[in-house]
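# Fold and contact review
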Amino acid sequence: MNSPAPSAILPARLLRLRDGGNYRLRPLGPGDEPLVREMFASLSPESIRARYGYLIRDMTPERAHRLVAADPARDLAIGILERPPGGGEILWAIGRLVHAPDNRSAECAFLVHDAKRRLGMASYLLIYLRLLGRRRGVPRLFAQVRRENRAMLGVFRKHGGLLHFDPAGEVVEVDIPVRTSKILFDKPPAASSPAAMASPEKKSFSIVELVVDLVLCAAFFGYIFSLIKGHVPSLDPQMILLWGGLSAGCMTGVFWLALQMVKTVYRFQRANQK
Ligand SMILES: CC(C)(COP(=O)(O)OP(=O)(O)OC[C@H]1O[C@@H](n2cnc3c(N)ncnc32)[C@H](O)[C@@H]1OP(=O)(O)O)[C@@H](O)C(=O)NCCC(=O)NCCS
């Protein structure tokens, strides 16, 4: 594989997480080695063991370099960082994607600092690694997780990963299809766990769209009113107007909601085909 397509490069995203803090999710690269070393210096041995299967006692500059600046065509790392008031950056979480030799799949792995667990960091990293995997043309992601790692299995389960337990084995094989129905929500984040994300992509307001919606709603209202008015049990034209208008108004409200839902789904599908 040659260097990744421009679409496979992720612009920095702003995240607001459950603790109310503002974070940036961005690709890691050469120059981020000191941040990796600082992160490792304060990680618990259990976290390092859970991630690598052994304890890394010394995160040397070379090792840190391999983590963030390997071959970008086969290997990428993204991180979640915070900018403290005093300046600089703190790296709190790393997600990594490593292509299999045949490029038909890629392994993903995560490490979130002990101090920032259950804020949705791994969830965001997974969402964006899946998006990047799709953009890089990889049909599936996979992971190998120790059976006792409930936290990691929980993250995968929550995001549609298929867990294959081998009764005799200690490792659970996880398959993460990059094209699932959840992919519709790759651009905005999964709503339930993390708080809303401020993405650089803002939903645009279009006056033309508003006028089209109003015309459609007015036509629908007129049509429904013409059907309903003959069924209002009254001979008083004012009562017919009132109850016919109210009923048609309610149904027009439902019509408007349905119209917005259809447009939203269509917009996401179109964005995903790009
Ligand atoms: C596994 C790990 C990456 C999870 O990171 P995280 O940012 O805390 O995960 P999230 O906040 O995105 O959690 C998403 C969901 O996963 C599940 N989950 C996460 N941690 C869990 C835990 N300790 N116990 C049970 N479920 C858990 C929950 O369903 C959670 O959603 P909720 O908080 O809305 O209930 C983190 O614990 C870690 O770095 N562990 C050490 C390294 C490691 O094991 N890496 C994996 C190697 S394969």
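Residues numbered from 1 in each chain as written. Predicted model: local features only at pLDDT ≥ 70, side-chain atom pairs only at ≥ 80, totals over all residues. Heavy atoms only, no water.

### Quick look at the site of the ligand
Arg18, Val112, Ser123, Asn149 and Lys158 are the nearest of the 22 residues found near the ligand. Between Gly120 and the ligand, the recorded distance is 2.8 Å, taken from a backbone N or O atom to an oxygen atom. At a separation of 2.7 Å, an oxygen atom of the ligand approaches a polar side-chain atom of Asn149. Here the ligand has 930 Å² of accessible area as a free molecule, and 83% of this is covered by the chains. If you map the ligand onto the pockets, it falls in the largest pocket. (Near = heavy atom within 4 Å. Polar contact = N/O pair within 3.5 Å; in protein donor to acceptor, adjacent residues only side chain to side chain. Areas by Shrake-Rupley, 256 points an atom, 1.4 Å probe, with all protein chains shown as cover. 1 Å grid on protein atoms, 1.4 Å probe; cavity = no way out; pocket = protein on both sides within 12 Å on 5 of 7 lines; lining within 4 Å. Sits in = over half its atoms within 2 Å of the grid points.)

### Some thoughts on the sheet that holds strand β7 (residues 162-164)
Strand order in the open sheet formed by eight strands is β1-β2-β3-β4-β5-β6-β8-β7, and the pairing between neighbours is mixed. Each of the sheet's edge strands pairs with one partner strand only, and the pair in question is β1 (13-16) and β7. Sheet twist, expressed as the mean angle between neighbouring strand axes with direction ignored, is 25 degrees. In the sheet, strand β6 (residues 140-146) pairs with strand β8 (residues 171-177) via seven bridges, with the strands oriented antiparallel. Bridged to Arg146 within β8 is Val171. The strands that helix α1 (residues 33-41) touches are β2 (22-27), β3 (75-82), β4 (90-99) and β5 (105-112); relative to β4, the one it contacts most, it runs at about 110 degrees. (Pairing = 2+ DSSP bridges. Helix = DSSP H or I, 4+ residues; strand = E, 2+ residues; numbered from the N terminus. Axes fitted to C-alpha atoms, helices over the stretch in contact; angles between N-to-C directions. Contact = heavy atoms within 4.5 Å.)

### Regarding the packing of α1 against helix α3 (residues 61-68)
Each pair of packed helices can be described by the angle between their axes along with the distance between the axes. In contact at an axis separation of 9 Å, α1 and α3 are set at 110 degrees when each is read in the N-to-C sense. Classified by the interaxial angle, the pair formed by α1 and α3 is roughly perpendicular. Residues Glu33, Val36, Arg37 and Phe40 of α1 pack against Pro61, Ala64, His65, Leu67 and Val68 of α3. Along the lines of polarity and charge, the residues of the contact of α1 with α3 split into six nonpolar, one polar and two charged. (Parallel < 35°, antiparallel > 145°, perpendicular 65-115°, else oblique. Nonpolar A, V, L, I, M, F, W, Y, C, P; charged D, E, K, R; others polar.)

### Details of helix α5 (residues 150-158)
Residues Met152, Leu153, Val155 and Phe156 constitute the buried set of α5. Projection of α5 onto a plane perpendicular to its axis shows the buried side chains occupying an angular sector of 155 degrees, all on one side. Summarising the geometry of α5, the exposed residues directed more than 90 degrees from the buried face are Arg150, Ala151 and Arg157. A positive backbone phi angle near 85 degrees is found at Gly160, which sits one or two residues after α5. (Buried < 20%, exposed > 50% of the residue type's maximum accessible area, 1.4 Å probe, protein only. Arc of directions from axis to C-beta.)

The values are spatial; any link to function lies outside them.
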